[in-house]
Every structure is written in structure tokens, then in C-alpha cells.
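In case you want the letters, here they are:
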Amino acid sequence: MKTKYYLFEKICQIMADASGPRHTLMTIVKLVADHLHIDVCSVYMITPPDGDLVLRASAGLRLESIDTITMTAHEGLTGLVLEKGAPLFVKKPADHPRYKYFESSGEERFSTYLGIPLRQHRRNLGALVFQTVDPDALSEKDIPFFSTIAGQIAALASYGGLVKNTPPDGKDDAASTPSRPRDFVPPPHKAERNLLRGIPASPGIGEGQAHYLVRSIGFDQIRPEYTDSPGNEISRLETVAQQLRDEIRNMTENIDDLSFQDAAIFESHLMMLSDPSFRKDIVEGIRKGYTAAYALKQTVARHIQRFMKIDDPYLRERAKDIEDIGRQVLARLLGDTPDQSTTLTADTILIASDISPLELIAVRQKRLKGLALAGGGRTSHAAILAKSFEIPLVIGLSDILDRVQEGDHLILDGNSGLVFRSPSEDIINEYKQIRGEKKRLSRRLHTLKDKPPVTKDGHRLSLNANIGLLSDTPLVQLYGAQDIGLYRTEFPFLIRSTFPTEDEQVDIYEKILAGVDGRTVTIRTLDLGGDKFLSYFDAGKEQNPYLGWRSIRVSLERDDIFRPQIRAILRVSGNHRVRLMFPMICSLGESKKILRILEEEKQALADRKIAFDPHLPIGAMVEVPGAVKILPALLTCFDFVSIGTNDLIQYMLAVDRNNPKVASLYNPLHPAVLLTVQEAISACKQAGKPISVCGEAAGTPKCAYLFMAMGCDALSMTPSNVPAIKRLIRNSRWDKARADLAAVLEMSDEDEIGLYLNAALNGL
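Residues numbered from 1 in each chain as written. Predicted model: local features only at pLDDT ≥ 70, side-chain atom pairs only at ≥ 80, totals over all residues. Heavy atoms only, no water.

(A) Layout of the overall build of the protein chain. The secondary structure content of the protein chain amounts to 28 helices and 22 strands. A burial count over the protein chain gives 55% of its 764 residues as buried. Restricting the contact set of the protein chain to residue pairs at least 6 apart, pairs at least 24 apart contribute 68%. (Helix = DSSP H or I, 4+ residues; strand = E, 2+ residues; numbered from the N terminus. Buried < 20%, exposed > 50% of the residue type's maximum accessible area, 1.4 Å probe, protein only. Contact = heavy atoms within 4.5 Å.)

(B) Region of the structure containing unusual backbone geometry. Residues other than glycine seldom take positive phi values, yet Met584 does so here, at roughly 50°. Mapping Met584 onto the fold places it in the loop between β18 (578-582) and α20 (588-607). Residue Ala654 is not a glycine yet carries a positive backbone phi of 55°. With respect to the element layout, Ala654 can be found in the loop between α23 (645-653) and α24 (671-687).

(C) Summary view of the pairing of strand β15 (residues 462-467). Most of β15 is tucked away: six of the six residues are buried. Alternating positions in β15 separate into two faces, Ser462, Asn464 and Asn466 on one and Leu463, Ala465 and Ile467 on the other, with burial throughout. As paired strands, β15 and strand β16 (residues 484-488) are joined by three bridges and run parallel to one another. Each bridged residue has a counterpart across the sheet, and for Asn466 the counterpart in β16 is Leu486. (Pairing = 2+ DSSP bridges.)

(D) Structural view of the side chain of Ser202. With respect to the helices, strands and loops of the structure, Ser202 is situated in strand β8 (residues 199-202). At a separation of 2.9 Å, a polar atom in the side chain of Ser202 contacts the main-chain carbonyl oxygen of Ile391. Contact partners of Ser202, with chain neighbours within four places excluded, come to Ala386, Lys387, Ile391, Pro392, Leu393 and Gly414. (Polar contact = N/O pair within 3.5 Å; in protein donor to acceptor, adjacent residues only side chain to side chain.)

(E) Molecular detail of the packing of aromatic side chains. Counted according to the given criterion, the structure contains seven aromatic pairs. Judged by centre distance (6.0 Å) and plane angle (85°), the rings of Tyr487 and Tyr509 are edge-to-face. You can see Tyr487 sitting in strand β16 and its partner Tyr509 sitting in helix α17 (residues 502-514), a full 22 residues away along the chain. Look at Tyr487 and you get buried, because its relative accessible area is 1%. When the ring of Phe562 is compared with that of Phe582, the centres are 6.0 Å apart and the planes differ by 70°; the resulting orientation is edge-to-face. With Phe562 in helix α19 (residues 559-573) and Phe582 in strand β18, this pair connects stretches of sequence that are 20 residues apart. Across this residue pair, the class does not change: Phe562 and Phe582 are buried. Joined through ring pairs, the aromatic side chains of Phe130, Phe145 and Phe146 make up one cluster. One Lys or Arg, Arg579, reaches over the ring of Phe640 and ends 3.6 Å from the middle of that ring. (Phe/Tyr/Trp six-rings, centres within 6.5 Å; stacked < 30°, edge-to-face > 60°. Lys NZ or Arg CZ within 6 Å of the ring centre and 35° of its normal.)

(F) Representation of the sheet that holds β18 in the model. Reading around the barrel, the eight strands line up as β15-β16-β17-β18-β19-β20-β21-β22 and close back on themselves, with parallel pairing between neighbours. On average, each strand axis in the sheet is inclined to that of its neighbour by 25°, with strand direction left out of account. The sheet contact formed by strand β20 (residues 640-644) and strand β21 (residues 691-694) spans four bridges and is parallel. Looking at β21, one finds that Val641 is bridged to Ile691. (Axes fitted to C-alpha atoms, helices over the stretch in contact; angles between N-to-C directions.)

(G) The arrangement of the packing of helix α25 (residues 701-710) against helix α26 (residues 722-730) in detail. Orientation of α25 relative to α26, taken along the N-to-C sense of each, is 50°, at an axis distance of 10 Å. By the criterion of interaxial angle, the relationship of α25 to α26 is oblique. Here α25 and α26 pass one another in a crossing that is right-handed. Between α25 and α26, the contacting residues are Pro701, Ala704, Tyr705 and Met708 on the first element and Ile725, Leu728 and Ile729 on the second. (Parallel < 35°, antiparallel > 145°, perpendicular 65-115°, else oblique. Left-handed = near helix turned anticlockwise from the far one by under 90°.)

(H) Main features of the pattern of salt bridges. One pass over the structure, following the stated rule, counts 26 salt bridges. A salt bridge links Arg571 to Glu502; the nearest nitrogen and oxygen atoms lie 2.8 Å apart. A residue pair is termed long-range when its members are at least 10 positions apart, and Arg571 in helix α19 and Glu502 in helix α17 qualify at 69 residues. Residue class for Arg571 comes out partly exposed when judged on its relative accessible area of 22%. Note on Glu502: relative accessible area 13%, which makes it buried. (Salt bridge = Lys/Arg side-chain N within 4 Å of Asp/Glu carboxyl O.)

(I) The sheet that holds strand β10 (residues 348-352), seen in detail. Pairing is mixed in the open sheet, where eight strands are placed in the order β7-β14-β13-β9-β10-β11-β12-β8. The open sheet is flanked by β7 (195-197) and β8, the only strands paired with a single partner. Each neighbouring strand pair of the sheet contributes to a mean axis angle of 30°, computed without reference to strand direction. Of the pairings in the sheet, the one linking β10 to strand β11 (residues 368-373) comprises five bridges and is parallel in character. Paired with Thr348 across the bridge in β11 is Leu368.

(J) Examining the pairing of strand β6 (residues 123-132) more closely. With eight of its ten residues buried, β6 lies for the most part within the structure. Pairing between strand β1 (residues 40-47) and β6: six bridges, direction antiparallel. Bridging from a neighbouring strand, Met45 pairs with Gly126 of β6.

(K) Here's a closer look at the confidence of the model for the protein chain. Scored by pLDDT, the protein chain comes out at a mean of 82, with 81% of its residues at no less than 70. This stretch, residues 161-191, has a pLDDT under 50; its non-local contacts, to residues over four places away or in other chains, come to 94 contacts. (pLDDT = per-residue confidence, 0-100.)

(L) Broad picture of the nonpolar core. Counting residues in each nonpolar core, the largest one holds 87 residues, and the members touching the most others are Tyr487, Phe582, Leu631, Val677, Val693, Phe707 and Leu715. No other element matches α25, which puts eight residues into this core. In terms of nonpolar packing, the next biggest core, distinct from the first, is built from 30 residues, Phe219, Ile222, Tyr290 and Leu358 among them. (Core = buried A, V, L, I, M, F, W, Y, C linked by side-chain atoms within 4.5 Å.)

(M) Inspection of helix α3 (residues 76-84) at higher detail. Judged by how many residues are buried, α3 sits mostly within the fold: seven of nine residues are covered. All of the buried residues along α3 are Gly76, Leu77, Thr78, Gly79, Leu80, Val81 and Leu82. One or two steps after α3, the chain reaches Gly85, where phi turns positive at roughly 65°.

(N) Representation of α17. Helix length check: α17 (13 residues) gives 18 Å between terminal C-alpha atoms against 18 Å at 1.5 Å per residue, within 8%. Here α17 has its buried residues at Glu502, Gln505, Val506, Ile508, Tyr509, Ile512 and Leu513. Along α17, the residues classed as buried sweep out an arc of 165° about the axis, all on the same side. Along α17, exposed side chains directed more than 90 degrees from the buried face belong to Asp503 and Ala514. (Expected span 1.5 Å × (residues − 1). Arc of directions from axis to C-beta.)

Quick look at the structure:
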């Protein structure tokens, strides 16, 4: 199987390096035939205007057959492949009633035939055909593997110009250019110079003329300046902060179609503007003699630095929120608030280094068809707003400011991260078709929003959301999640210069709970350490922080942090549906200590006659492999379990997924990972305790399919992943998933597992 995986990599390399689609195709079929010792590997393409099948490439048939063997799409075994729209395996093909013999081909000697349809965008493009002399050289078991190769060739055919009638002399059509590669890197045609690659951040396709966003002054232009009137500077700061608060409130109140989700983003900005610690830092800088602008710059820089030290991309993106709101305050301090609401007179792709939520609101209008940013972040509030407004967004286009000019015609693909400058008619037409397909798929997914995640044969589980901010709560309803499987409580600690008080935490949790419309919220206690330490909390330097003083270990040693948070969560449990969960549980001893502290705090609240839920469900987050081995004992202390796949995989495979040197080894389909998750689910089932699977793996179709088959009670994921996973579940059968799981658990290679699941999930 490693050999097969190498083959896929080699095919991708050929696609990237070859000079044109015809040469690429011939190179691929020869590679496959030689590498797998198959007598014949051929590609037949449907050609206009009659839709006939023509042999376009072959390794094994006589070369003179290429471009001369032609049949209708309803002739021969290859025609039958297209009629069925499914793979066809035949032994003794000459005896089949649909067999068609071509005298010039030399194929009469072959004992097996395997045909795989080439399909792209639900359109038949042709067929990939394998033939062998040895009757046992091919079997139906080979279909999933060869289907993956067919998918790569279909992408090449669709985007490389082979669907058209390639000239008989074998020369490539110079005008044929890849339009939207998914499964391959397009060959470097001339038009490749007009293809820009970025990171998809908001899905959809936009087309229009390029227009640059004029930005106001930034912090990089602020130099140290001093003041003799700190009182006046503090007064100016207060005035512009209040002015900005009023502007945000007026904007959210006066935009009719601003959803609760979008309004919550600006609510978080208001909270930041009103944060006493943020204001205190700026005022201290002013009292040292600096102007308000420079003191603001220093404060924003310190807050950003805290977040940029965090490896978690979700939390690191919050640095952008601080920069955005700081820049808005700066602009008003300097009297520099340019009007960004220029009316767009044509369909427009807006280009900028970055964009804030306030700027996005200002430029949002019917003619805005997409956003192309040189910087930006996938989990930034601007990206969240773009998704809500259904504006395609591509970020990380590092060279766009140099390669695109004002007024250029652009197609922006927010699904793949590609931007085409001056696209050809072929690419324009291809994207018209893709837009139509996306609209139809979006309508189908939207119809699932209020439908339960239940398989065709009646197996049901819950699809829940992971959140970390107030602005995340509307996404839960938007994407149809049932409950909150994980609320990370770190953010209020990270943005402050001191620990939030018990009352401040109660206020934060109340806002979160009010925003989820009565859904159950699983609140996880503070998960510090690893990549998340506070600037105001000296934990000391550790050689390996991921294996050191982190998570529940910190909480158990710091009562002054742990107990106020437990009390705050207990206090909100009296009026809301809440579950309390503790991270990175490793031993029975620490579990008993947690329960003892919890009971003491319950008693303290009862003595003060403060209401709480005395039967609050208590859960453990299983992220350490060792915890799985003692899970039956741990379950005597807890009511439920959540498997944290992000850390579990990291610890299982000794791979830091944020380290680019080894990140490729981080694979949730590794057999050891799957067996460990299965063991945990089995232990919970035997004890009668509910278990969910949480993290990125839970929102990945292949993994979600296996976790469902294992019998987990819930999957918890990023809210935007819920619709696709719900569609997968509703299109699946429980008995079939169980059979596929049994087959997978017999495999010892993650690549083999991936290929098997590609075939199992095909069409779901």
C-alpha cells in the first residue's frame, strides 16, 4: 500500500511538471501500467459534437490506435461503463454481449477488463480502462484504488482541456487552461501566470473588476510622541472610545438584515472597548508622558503579542480583533476616518492587505462579489462576517498587490483559494456551471438545518458545536447544531491583564448561555499551558510545555483560579442547561480531588443560599492515551466523557501538528488512533455513560463516519462543519457503516484506510 501511496504522489508531481494535458495523460497511463504491472491502461474521452468515445491515451495498446479507435457512447464495454455510471469488472470480456472488437488494437488477448467512469461536476467525461492477460491480475477489490486514480485523471481532463477535441497530431491546445483544480496542481501553462493562490476563508465564487480598498493610517506610522497635558489626552481617549461605541451601536441597530451572529461580533468589540484592563493600560502609558495615540499603539502591541505566542490558530486570530478595534480608535484620535462606503457601479472584487469588520460593513453592497486579502485569517471576525454575508473571501494572497491592477477582471474562488486574473472564456464558462451546482447543493444542505442527524436505518446521534466566543453562538443556530459540546473558557482570561473575577465570569457565561436559545452548553474549565499561557501569570519556562504543567494540573495547584471558576459555572447552572467538564484527565487520584473541590464549592454556595443545579452533570475530557486504559475506573467519578481528538492524536503519534516538519504525520486515520477511540467508546457503552468525540477529526467526513459506526453518542465540531456531516449521516446506513468499520479495524496502514473510505463514502 505504501507503493500505491507513492504512485498517487508521483501522479500529482507529473500533473504539476508536465508541459501540457496530452503529454501529462500519456505519462500517467504509462506510469500506472509500468508501476502496477498491468498490461493495458487506457483513457477514452467523450468528444463533441457527437459525444463519441475516442481513445486519447494508452499504455499497452498499439500506438496507432490512439485517436483512431472511436465508438459511440453506447457501444462496447466502455460505453456500458458510461451508461451505468459505475465501475465495471468483467472476466473473459470477449464473451460479454457488449464486447466490441477493434482489429487494430491488439486487445483480443486480454482476459480481464476493468472500466472506471471519469466524472467531474456530475458530468461524464470518459472512462479509464485496465486490461490484463493474466485472469487473476485484477479483481473487484481493486476498484476503490483505481477509482482514486480515475478521479485524478478526471480533474486533469476537465481542467486541462482534454474534454475538448484535442488535435489529431497530439499537440496540446495552447488555449486550454486549468480553471479550478481540486485534486491536482495544474501544469504551468502560459495562463498560470494569471493564477494566484491563497487560502479559502469564506466559500463561494465571485466575479468582477478589481478595486483597491483605501486604508486609514496604521500603527506602523505612529512614532513616540510626548504630551505635557496627560489629562487632555485621557479625555480625548474617552471621547473617541465613546464615539466609536455609539457608532457601533447605531450601525447594529440600523442595519435591518444584520443577524444576531453578526451583531454579536460587534458586541465583542464593544466589550473590548469597555474592558477596564485595556483602558487602564492605555491610561498608564499616557500618564508616563506619551500621547494617547502612542500609548494606544503600545497597549495594542502588548495584547497582540500575547495572542501571537499561542499556537492555537483560533485563539491567535483574536489578536486581529484587538488590532482592528485599536486601529478604529486610532483613526478617530487622529481625525482620520475616510469614507469607505463608495457606491460600486459594477460587480467588484475588493482587494486589501486586510479588512476589519467595521470596514466590511461599510463597503458591503450588492455589487461586492468577493474579497481578496494579502493577509487575513480564516477564523477572524471579518471572515465570520464574510461567511454570514455570503461574500467569497480568499486570504493569504501575498503577491496580489503586485500582480493585480485596479480594474482587472477577476474570478475569485472562495472554495479552493484561487484567484484568476483576466480569465479565458473556458474558465468563465466552467465557473458558471460550478456556481449553479453550488447553489443547488447549498439549497439541499439548508433544507437539513432542522432535520435530525439519523441514518437511513434509524441510528441517531447528536451533532454539537465547539465555541469560544460570544460571537460564535449565533453560528450554532445558523448551521443547525443541537447543543454546545464544548465551550472553551480561555478567551476571557487571555484578553485581560488580570484574572477575571467570579462575578465577571458569571456575566460572561450568562451572555453565552443566553445566546444559544436554550441549548445545553458543556463548559470546560480553564485549559492553560502548552501554547496558552497568560502574560500576567508566571508559570516558568518548561523544556516541553505540552508534557508539563498544563490544563487540569495548573487548576488543581492554583485554587485561586480554579475555585472561582467552578463557583461561576455552578451559579449559572441554576437557570440554564449546563454541563461541567474538566480537561486532560489522567488519573483517578486527580479525579477524586476535583470532585472533592466541587463538593466543597457546592456546599459554600448552599450556605450562602445561592442557587445552582445540585445534579449538574460532570464530565472528563479524555485527551491522554493513558486515560483510555483506566477509563472504567475514571467513569466511577464522571457522568460523561468527551474525547479530545486534537491532543489525543498528538500524544498517540508523538506529532506536533503545528510543526511543519512533522505535521504531515498527524493523521486521525492512523490505526492506533482509531483503535484507541474505539476502546474508549466501548468502555463508556459498557458503563452506560454517554460519550462524544470532539475536535477537528469529528468534523471530517471519513472520521465522523467511523466514530458514528463505533457508537458514540455525539460529535462536536466547528459549527460550519455540521451541515456536511449531517448530510453524510442521513445518507448513510448504520449496518453498512458498522461493516465498513469492521473492515477498517483489520487494516494496519492509514493510507489503505483512507482509500477504503474514499470508496465507501463515494456518493454519500
